[in-house]
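# Analysis of the macromolecular model
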Amino acid sequence: MSAPFTLAPLPWDEDALAPTISANTISFHYHKHHKTYVDTLNKLVEGTKYADMKLEEIVRATASASGGDKLIFNNAGQVWNHDFYWRSLTPAKTQASAPLDSAITAAFGSKDALIAQLAEAGKTQFGSGWAWLVSRGGKLAIEKTANAETPMAKGVNCLLTVDVWEHAYYLDYQNARPKYLEAVLGKLLNWEFASENLTKEAHAVRAAAE
Ligand SMILES: [Fe+2]
């Protein structure tokens, strides 16, 4: 996908995550915040070298930028992060694949321990940002990033993310970010999406070795 970028459809109905995340929150978050990042990105890249790049390429190319390109990074990063966040959540009961399950046991001991560390990362991210489950060559870790930053910009394979900007929870939980994290991480994480992302990384590693 290169410019003009479009607002990717949500993978579920806007009320599908209620009451953990209300339709009202999803509506504002998706139609106002996410859409504004898309619209702003399209204006900023018009007539620049970024207009013909894919979204991921723009994020990586501008990750260390300053000035005008930093603005492009902020909006491109937020478009990518939000697309990834929606797909990290699901109202369906999902299961980790056998390879993901093994990787979770190796890195954290259990899925509950993983969730506790992800919640801690989200709680302790000062100000706006994101908490992530990532994989480097199949070795899992928890990371947190500020503002529009994303581990993907450094070539790290992202498996799941949770948005800890206030706009993600304020209407439902006011300032209680820990309550939002506890509810979302306990009920809505899409382990099938995480499993697919781990599989893609394994394929990429094999393709690079051939
Ligand atoms: Fe957000």
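Here's what I pulled together on the structure shown here. Keep in mind that what you see is a predicted model, and the values were worked out from it rather than measured. (Residues numbered from 1 in each chain as written. Predicted model: local features only at pLDDT ≥ 70, side-chain atom pairs only at ≥ 80, totals over all residues. Heavy atoms only, no water.)

### Regarding the nonpolar core
One broad rule of soluble globular proteins: the nonpolar side chains tend to lie buried together. Counting residues in hydrophobic clusters, the biggest one holds 66 residues, and the most contacted among them are Tyr180 and Trp191. The element that contributes the greatest number of residues to this core is helix H3 (residues 68-88), accounting for eight residues. Filtering out sequence-adjacent residues up to four positions away, tryptophan 191 remains in contact with Thr94, Gln95, Ala96, Leu100, Ile104, Lys111, Leu114, Ile115, Leu133 and Leu160. (Core = buried A, V, L, I, M, F, W, Y, C linked by side-chain atoms within 4.5 Å. Buried < 20%, exposed > 50% of the residue type's maximum accessible area, 1.4 Å probe, protein only. Helix = DSSP H or I, 4+ residues; strand = E, 2+ residues; numbered from the N terminus. Contact = heavy atoms within 4.5 Å.)

### Observations concerning helix H1 (residues 23-45)
The first and last C-alpha atoms of H1 sit 31 Å apart over 23 residues, in line with the 33 Å expected at 1.5 Å per residue. By the largest-angle criterion, lysine 35 marks the main kink of H1, which is about 30°. Buried within H1 we find Thr25, Ile26, His29, Tyr30, His34, Tyr37, Val38, Leu41, Asn42 and Val45. Where H1 is buried, its residues touch helix H2 (55-62), H3, strand S3 (157-163) and helix H6 (170-173). Of the residues trailing H1, glycine 47 is marked for its positive phi of about 75°. (Expected span 1.5 Å × (residues − 1). Bend = angle between axes of the 7 residues up to and from the residue.)

### Description of the coordination of the iron ion
Surrounding the iron ion are the protein donor atoms His29 (NE2), His82 (NE2), Asp163 (OD) and His167 (NE2), which sit 1.9 to 2.1 Å from the metal. Each of the four donor atoms bound to the iron ion contributes to angles spanning 89 to 130°, and the resulting shape is tetrahedral. Mapped onto the polypeptide sequence, the residues donating to the iron ion form the spacing pattern H-x52-H-x80-D-x3-H. Each member of the pair aspartate 163 and histidine 167 is classed as buried. (Donors = N, O, S within 2.8 Å, 3.2 Å for Na, K, Ca; no water. Tetrahedral: all angles 85-135°; square planar, octahedral: opposite > 155°, others 65-115°.)

### Quick word on the packing of helix H4 (residues 98-108) against helix H8 (residues 191-209)
At a minimum axis distance of 9 Å, the contact between H4 and H8 shows a crossing angle of 90°. Classified by the interaxial angle, the pair formed by H4 and H8 is roughly perpendicular. Across from Pro99, Leu100, Ala103 and Ile104 in H4, the residues of H8 making contact are Trp191, Ala194, Ser195 and Leu198. In terms of residue class, the contact of H4 with H8 is made up of seven nonpolar, one polar and no charged. (Axes fitted to C-alpha atoms, helices over the stretch in contact; angles between N-to-C directions. Parallel < 35°, antiparallel > 145°, perpendicular 65-115°, else oblique. Nonpolar A, V, L, I, M, F, W, Y, C, P; charged D, E, K, R; others polar.)

### Focus: unusual backbone geometry
Looking along the chain, the bond that leaves alanine 18 and enters proline 19 is cis, with omega of 5°. Along the chain, proline 19 turns up in the segment before H1. Here asparagine 147, not a glycine, exhibits a phi torsion of approximately 55°, which is positive. For glutamine 174, which is not glycine, the phi torsion reads 50° and is therefore positive. Accessibility expressed as a relative area gives 41% for glutamine 174, which makes it partly exposed.

Scope: geometric values only; no functional claims are made or implied.
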